[in-house]
Amino acid sequence: MILETFLSNFDLSGSSIQSLQSHLTRIVLQEGESFLSPPSICTDLIYIEEGIIREYKKLPTDTDTDTDTDTDTDTTSWILGEGNVVYSVESYIQETPSEYYLQALTPVKGWRLPKKNLEFLIKKHPELALMAYKLSEEYILKMELRNKLHRLKRLKDRFLLFEKQQLGIANRIKGKILANYLNVRPQQLSALRREIAKS
């Protein structure tokens, strides 16, 4: 979703949109490139215009786990595609070092808005406070949907809900990463995909 279409959802005045756009910086990432790594502090909101981003955390090498992904060295907490705003929530809000990476799973094009710029803009254009509130609401709702996904017992139900939430993304990312997010082994995900294809 292009930036102009995204901003049109918030019914902003022309002057607010102009000011906001003047504080945005273009961001271009290659596949596999990270733009947040521990212990950096997440200071930006990233709007994904094109591509897919994941948030993940590296696991300690001596950690015992009873999950189906016990050979993984990291755990994926988010996978988000075009039209989404992404940031490391705890680090961004509390301004503390992040424990998470934000990584491009495909080539990514988007826009970066530093937190300090957003706060300045809200003072100058109070209507942008409503936009920020709506973005927070949207992020909370996405977190609830993610939690709902992970509460489902059957892999097929988790996979189908992910596809419903993130249309067209499942086939654009590596099976190992999607399996990590769904908390199963890659072989289990491959078997499910074959089953779905046959039916």
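As shown above, the structure is provided for reference.
Everything numeric in this text was worked out from a predicted model, so none of it was measured.

Pairing in this open sheet of four strands is antiparallel, and the strands run 1-8-3-6 from one edge to the other. A strand with exactly one partner marks an edge of an open sheet, and here the two such strands are strand 1 (25-29) and strand 6 (85-86). Relative to strand 8 (residues 108-114), strand 1 runs antiparallel, the two being bridged by five bridges. Bridge pairing links Val-28 to Lys-109 in strand 8.

Attention shifts here to the pattern of salt bridges. Overall, the coordinates contain 10 salt bridges when judged by the stated rule. Close ionic contact of Glu-99 with Lys-57 constitutes a salt bridge, the shortest N to O distance being 2.8 Å. Taken together, the residues Glu-99 in the loop between helix 3 (89-94) and strand 7 (101-104) and Lys-57 in strand 4 (residues 53-58) connect sequence positions 42 residues apart. Assessed through its relative accessible area of 48%, Glu-99 is described here as partly exposed. Close ionic contact of Glu-137 with Lys-134 constitutes a salt bridge, the shortest N to O distance being 3.8 Å. Here Glu-137 pairs with Lys-134, and both are found in helix 5 (residues 127-151), just three residues apart, close to one helical turn. Looking at Glu-137, the relative accessible area reads 36%, which means it is partly exposed.

Attention now goes to the environment of Phe-120. Along the chain, Phe-120 turns up in helix 4 (residues 115-124). Between the alpha carbons of Phe-120 and Leu-160 there is a distance of 41 Å; along the sequence they are 40 residues apart.

Counted by the stated rule, this structure contains seven aromatic pairs. With a centroid separation of 5.3 Å and an interplanar angle of 75°, the aromatic rings of Phe-6 and Phe-10 are classed as edge-to-face. Phe-10 shares its class with Phe-6; the two are buried. Among the aromatic side chains, those forming a connected cluster through ring pairs are Trp-78, Tyr-87, Tyr-92 and Tyr-139. Positioned over the ring face of Tyr-92 is Lys-115, at 5.1 Å from the centre of the ring.

Another point: the packing of helix 7 (residues 175-182) against helix 8 (residues 186-198). Their axes nearest at 8 Å, the elements helix 7 and helix 8 cross at an angle of 100°. It follows that helix 7 is roughly perpendicular to helix 8 by the angle criterion. From helix 7, Gly-175, Lys-176, Leu-178, Ala-179 and Leu-182 reach across to helix 8, where they touch Pro-186, Leu-189 and Arg-193. Of the residues belonging to the contact of helix 7 with helix 8, the class tally is five nonpolar, one polar and two charged.

Quick notes on the rules
- Once a new chain begins, its residue numbering starts again from 1 and follows that chain's sequence as written.
- Restriction of local features to residues with pLDDT of at least 70 applies here, the model being predicted, together with a cutoff of 80 or more for giving and counting side-chain atom pairs; totals for whole chains, interfaces and linings are based on all residues.
- Hydrogen atoms and water are omitted, and side-chain values are computed over all heavy atoms in the structure.
- Only when DSSP finds a minimum of two bridges between them are two strands counted as paired.
- Helix numbers and strand numbers start at the N terminus; a helix is a DSSP run of H or I with at least 4 residues, a strand a run of E with at least 2.
- In what follows, salt bridge is the name for a side-chain nitrogen of Lys or Arg lying within 4 Å of a carboxyl oxygen of Asp or Glu.
- In this scheme, a residue with accessible area under 20% of its type's maximum is buried, one over 50% is exposed, and one in between is partly exposed, where area comes from a 1.4 Å probe on protein chains only.
- The rule is short: rings of Phe, Tyr and Trp, with Trp giving its six-membered ring, pair when the centres are within 6.5 Å, and they are stacked under 30 degrees, edge-to-face over 60, tilted in between.
- For a ring to carry a charge above it, either NZ of a lysine or CZ of an arginine must fall within 6 Å of the ring centroid while also lying within 35 degrees of the normal to the ring plane.
- Angles shown run from 0 to 180 degrees and are taken between the N-to-C directions of axes, each axis being a line fitted to C-alpha atoms and, for helices, limited to the stretch in contact.
- An angle below 35 degrees is treated as roughly parallel, one above 145 as roughly antiparallel, one from 65 to 115 as roughly perpendicular, and anything else as oblique.
- Here, two residues are considered to be in contact whenever any of their heavy atoms come within 4.5 Å of each other.
- In this classification, Asp, Glu, Lys and Arg are treated as charged, Ala, Val, Leu, Ile, Met, Phe, Trp, Tyr, Cys and Pro as nonpolar, and every other residue, Gly included, as polar.

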